Amino acid sequence: MARVVGLGAGPGLPRSEDVARVAGVSRKTVSRVLNGEPHVSADVRRRVLEAAEKLGYRLNNAARMLASGRTRSIGVVTLGTAGYGVASLLVSIERAVRDAGYALRVISTLEGDERGIAGAVGSLLEQGVDGIVISEPVDEGEVALRVDVPVLFLGAPPVFTASRTVTAGVGSDLLARAATEHLLDLGHATVHHLAGPQQWYAAKDRLAGWRAVLEERGRSAPLVIEGDWSAASGYAAGRELAADPTVTAVFAAGDDMAIGLIHALLEAGRRVPDDVSVVGFDDNPVFAYATPPLTTVRQPFDAAAKEGLRLLVHAIEKPDDDLPPASTPPVELVVRSSTAAPAPLRPE
């Protein structure tokens with residue numbers, strides 16, 4: 001028969017002194033182990049945890065919050081969209097928060113919302129969160145706000161003052177560089193760019209990475225076409241680019257736009273990759289099965305969220321310690337069949 005376990009030490013439920021008796025340690029040691037405090041030997045920690053599991057004891061979370069002054073919750077501000085990149089990052093953040101032993105509180109903003117980040121952060125602070133993650137990709141400019149808990153900025157620069165700010169993740173500019181370098185290394189004279197909306201931090205970073213590579217290699221930078229992340233905007237850009245016979249390579253700032261672009265090119269009789277090579281961005285797994293399968297750069301959502309949460313939890317739990325060194329996820333280019341060397345020039 002399964003044993004029903006409560007959250008506190010009520011009548012008939014195991015108490016911390018019961019765990020201490022079974023483990024052969026003091027109540028203070030039990031408290032130190034269950035609160036994850038350092039300077040407890042591995043043997044003692046093992047005995048306490050085994051005794052707690054045997055008795056079905058759980059630490060009284062309400063008491064722990066009162067003692068520590070923390071709610072063991074982390075708030076997340078994210079843009080309310082079903083777009084692959086934003087949604088995937090949120091899933092990764094949620095997993096990392098729960099793995100760190102914290103509860104998650106999410107507030108979604110709307111693009112153009114007057115309250116925006118400031119309103120969302122204010123709401124989270126009213127709920128007593130211990131730290132905040134800003135996964136808000138739209139540039140609203142500097143926010144007149146001061147926050148007294150640590151804040152992690154994922155994919156965006158710090159835009160307000162906090163007791164401690166943390167940044168994590170691999171920059172979109174580095175991923176964009178990899179996409180552009182891949183096309184140039186194949187032998188294309190230059191690379192056209194289908195950019196995302198420039199009020200987004202990521203879109204600006206991707207454009208900057210593309211342009212930097214072309215400048216470093218002494219290549220001309222064609223006029224930029226700006227889309228809105230949708231396949232429809234990629235299709236419109238593709239119709240425009242298909243009319244230019246000098247276009248042989250395009251880096252699209254998002255996979256959806258890349259797929260729309262390819263559809264327009266094929267419709268216009270421009271073969272991919274024989275006539276035009278296309279690289280996307282994000283590595284939406286669906287597009288591994290497109291025709292042709294899409295070459296793209298992979299966003300390290302899980303690695304960025306995990307590393308960011310590691311640093312944020314450190315800032316929450318050890319406010320007087322320096323932050324540990326941050327690791328940068330590797331840049332991953334996923335090469336498939338939408339890119340190839342340019343076709344040789346046909347004789348006149």
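The model shown is predicted, which means the values in this text are computed figures rather than measured ones.

Conventions used here
Residues numbered from 1 in each chain as written. Predicted model: local features only at pLDDT ≥ 70, side-chain atom pairs only at ≥ 80, totals over all residues. Heavy atoms only, no water. Helix = DSSP H or I, 4+ residues; strand = E, 2+ residues; numbered from the N terminus. Buried < 20%, exposed > 50% of the residue type's maximum accessible area, 1.4 Å probe, protein only. Contact = heavy atoms within 4.5 Å. Areas by Shrake-Rupley, 256 points an atom, 1.4 Å probe, with all protein chains shown as cover. Pairing = 2+ DSSP bridges. Axes fitted to C-alpha atoms, helices over the stretch in contact; angles between N-to-C directions. Polar contact = N/O pair within 3.5 Å; in protein donor to acceptor, adjacent residues only side chain to side chain. Expected span 1.5 Å × (residues − 1). Salt bridge = Lys/Arg side-chain N within 4 Å of Asp/Glu carboxyl O.

**Re the overall build of the protein**
Alright, step 1. When its secondary structure is counted, the protein shows 11 helices and 13 strands.
Alright, step 2. Across the 348 residues of the protein, 47% fall into the buried class.
Alright, step 3. Here the contacts in the protein between residues at least 6 apart in sequence split such that 68% fall between residues at least 24 apart.
Alright, step 4. When the accessible area of the protein is evaluated, it comes to approximately 17,200 Å², of which 53% is carbon and sulfur surface.

**Examining the pairing of strand β1 (residues 73-79)**
As a general feature of sheets, a regular strand has side chains that alternate between the two faces.
Alright, step 1. Most of β1 is tucked away: 7 of the 7 residues are buried.
Alright, step 2. Every second residue of β1 is oriented toward a common face, with Ser-73, Gly-75, Val-77 and Leu-79 on one face and Ile-74, Val-76 and Thr-78 on the other, all of them buried.
Alright, step 3. In this structure, β1 lies alongside strand β2 (residues 103-109), joined through 7 bridges in parallel fashion. Note that in β2 the partner of Thr-78 across the bridge is Ser-108.
Alright, step 4. In terms of strand pairing, β1 meets strand β3 (residues 131-135) through 5 bridges, oriented parallel. The residue of β3 that forms the bridge with Thr-78 is Ser-135.

**Section: the sheet that holds strand β12 (residues 295-298)**
Alright, step 1. Across the sheet, which stays open at both edges, the 6 strands sit in the order β9-β8-β10-β11-β12-β13 with mixed pairing between neighbours. Two strands in the sheet have a free side with no partner beyond their single neighbour: β9 (225-226) and β13 (332-334).
Alright, step 2. The sheet contact formed by strand β10 (residues 249-252) and strand β11 (residues 277-282) spans 3 bridges and is parallel. Note that in β11 the partner of Ala-249 across the bridge is Ser-277.
Alright, step 3. Relative to the sheet, helix α7 (residues 172-185) contacts β10, β11, β12 and β13, its axis offset from that of β11 by approximately 165 degrees.
Alright, step 4. Sheet contacts for helix α8 (residues 201-216): β8 (192-195), β10 and β11; angle to β8, the most-contacted strand, approximately 175 degrees.

**Let's talk about the side chain of Arg-336**
Alright, step 1. Along the chain, Arg-336 falls in the segment after β13.
Alright, step 2. Here Leu-294 takes part through its backbone oxygen, which lies 2.7 Å from a polar atom of the side chain of Arg-336.
Alright, step 3. Setting aside residues up to four positions removed in sequence, Arg-336 forms contacts with Asp-283, Ala-288, Pro-293, Leu-294, Thr-295 and Thr-296.

**Comments concerning helix α5 (residues 84-99)**
Alright, step 1. When the terminal C-alpha atoms of α5 are compared, their 22 Å separation across 16 residues agrees well with the 22 Å that a helix rising 1.5 Å per residue should span.
Alright, step 2. Looking at α5, one finds that the buried residues are Gly-85, Val-86, Ser-88, Leu-89, Ser-92, Ile-93, Ala-96 and Val-97.

**A few points about the pattern of salt bridges**
Two side chains of opposite charge can pair, provided their charged atoms sit close to one another.
Alright, step 1. As enumerated under the stated definition, the model contains 19 salt bridges in all.
Alright, step 2. Across the pair Arg-47 and Asp-43 runs a salt bridge whose closest N-O atoms are separated by 3.2 Å. Here Arg-47 pairs with Asp-43, and both are found in helix α3 (residues 42-55), just 4 residues apart, close to one helical turn.
Alright, step 3. Accessibility expressed as a relative area gives 27% for Arg-47, which makes it partly exposed.
Alright, step 4. The shortest N-O distance in the salt bridge between Arg-46 and Glu-50 comes to 3.2 Å. With Arg-46 and Glu-50 both in helix α3, this residue pair falls 4 residues apart, about one helical turn.

**A look at the sheet that holds β3**
Alright, step 1. Here we have 5 strands laid out as an open sheet, ordered β2-β1-β3-β5-β7, and parallel in their pairing. Of all strands in the sheet, those with a lone pairing partner are β2 and β7 (165-168), marking the two edges. The average undirected angle you get between the axes of adjacent strands in this sheet is 20 degrees.
Alright, step 2. Here 3 bridges tie β3 to strand β5 (residues 151-154), and the two strands are oriented parallel to one another. When the sheet's bridge partners are listed, Ile-134 is paired in β5 with Phe-153.
Alright, step 3. Against the sheet, helix α6 (residues 116-126) contacts β1, β2 and β3, and its axis sits at roughly 155 degrees relative to β2.
Alright, step 4. Packed on one face of the sheet, helix α11 (residues 301-317) meets β1, β3, β5 and β7 and runs near 165 degrees to β5.

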